[in-house]
Amino acid sequence: SIMRGCNNFCHYCIVPYTRGRERSRDVESILNEVLDLKQKGYKEVTLLGQNVNSYGKNLENPISFAKLLTMVEEVEGIERIRFMTSHPKDLSDELIEVMKNSKKICRHLHLPLQSGSSRILKLMNRKYDKEQYLELAAKLRREIPDLSLTTDIIVGFPGETEEDFEDTMDVVRKVQYDSAFTFIYSKRTGTPAATKEDQVSPEVVKDRFDRLLHVVQEIGSQKAGALQGTVQKVLIEEINAQDEHLVTGRLSNNSVVHVPGGADLIGKIVNVSLDECKGFYYLGTLAEGR
Ligand code: SF4
């Protein structure tokens, strides 16, 4: 964790009430922890926070999240860096530039949309609209073409009309997410949205949820096979839970790969030929020259 709490008060979310205001950890203590992990043999770190893009703003000596990433990148022995979660309103050009030029920051960005309707986004207090989100996603795709983009979407926020929902479907089709976590809106006592009277009926929400899921899965499966037939670097993480003759690892873009091999590969980054895409994972073999 590089920070705790949140200052955003999205109208459906309880986090700012339960975890308090945003507090960033000192750069020094984060770097010491990364160094310690490296000494223990870790190759990958994930920097966590409710809104990592506003990291460092309230420190005594303010620093940007992008700058923190460049400092973590300098730790030799750490070969992969991931982070989450990014709030679209705070994702800076500086961060895009740092990601683009980095050899270690993974090609995956989780960018919660929540709704594609500008009207609902305003009611949610998200502080961006449909056009701004689409512009940001297009910029990311343009600057970092091999980036995998994933998201969170809430269906059935109070007052959501069919037209609002169609805006969400429109963003999903335009952004072409690699995958998306879809949620049915549920009331959190104590949040502004919980007291709203125009809650959407469960039947309507269920119908929209199913339609959204269908489109998300269709796009996800079309995109999943894009790297089939190529050789990619894979960090091997564990013995496969179903088959002990296989080990499981991840690509930089977070896709899962299963490869024949043993425990000696765990913790290593190896070249893998991605022979076959099986929907949401690949089957591969170790490539020459690993
Ligand atoms: Fe903060 Fe995320 Fe909750 Fe919004 S949804 S208030 S950004 S934790």
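Computed from a predicted model, the values in this text were never measured in an experiment. (Residues numbered from 1 in each chain as written. Predicted model: local features only at pLDDT ≥ 70, side-chain atom pairs only at ≥ 80, totals over all residues. Heavy atoms only, no water.)

Caption draft 1: A look at the pairing of strand S12 (residues 281-286). Here 3 bridges tie strand S10 (residues 256-260) to S12, and the two strands are oriented parallel to one another. When the bridges of S12 are listed, Val-256 appears paired with Tyr-281. The pairing of strand S11 (residues 269-277) with S12 spans 5 bridges and is antiparallel. From the neighbouring strand, Ser-273 faces S12, where its bridge partner is Thr-285. Connecting the antiparallel pair S11 and S12 is a turn made up of 3 residues, with Gly-279 showing a positive phi of about 90°. (Pairing = 2+ DSSP bridges. Helix = DSSP H or I, 4+ residues; strand = E, 2+ residues; numbered from the N terminus.)

Caption draft 2: Unusual backbone geometry, seen in detail. Here Met-84 and Thr-85 are connected by a cis peptide whose omega angle stands at 10°. With respect to the helices, strands and loops of the structure, Thr-85 is situated in the loop between strand S4 (80-84) and helix H4 (93-101). Phi at Gln-114 takes a positive value of approximately 70°, unusual for a residue other than glycine. In this fold, Gln-114 is placed in the loop between strand S5 (108-110) and helix H5 (118-124). Residue Gln-114 is classed as buried on the basis of its relative accessible area of 8%. (Buried < 20%, exposed > 50% of the residue type's maximum accessible area, 1.4 Å probe, protein only.)

Caption draft 3: Spotlight on the environment of Val-171. Along the chain, the position of Val-171 falls in helix H7 (residues 162-175). Through-space distance from the C-alpha of Val-171 to that of Leu-134 is 7.1 Å; in sequence the pair is 37 residues apart. If sequence neighbours within four positions are ignored, Val-171 has contacts with Leu-113, Gly-116, Lys-130, Tyr-133, Leu-134, Gln-176 and Tyr-177. (Contact = heavy atoms within 4.5 Å.)

Caption draft 4: Examining the packing of H4 against helix H6 (residues 130-143) more closely. At a minimum axis separation of 10 Å, H4 and H6 run at an interaxial angle of 25°. Relative to H6, the element H4 is oriented roughly parallel. Classified by chirality, the crossing of H6 by H4 is right-handed. Touching Asp-93, Ile-96 and Lys-100 of H4 are Leu-136, Lys-139, Leu-140 and Glu-143, all from H6. Class assignment for the residues of the contact of H4 with H6 results in 3 nonpolar, no polar and 4 charged. (Axes fitted to C-alpha atoms, helices over the stretch in contact; angles between N-to-C directions. Parallel < 35°, antiparallel > 145°, perpendicular 65-115°, else oblique. Left-handed = near helix turned anticlockwise from the far one by under 90°. Nonpolar A, V, L, I, M, F, W, Y, C, P; charged D, E, K, R; others polar.)

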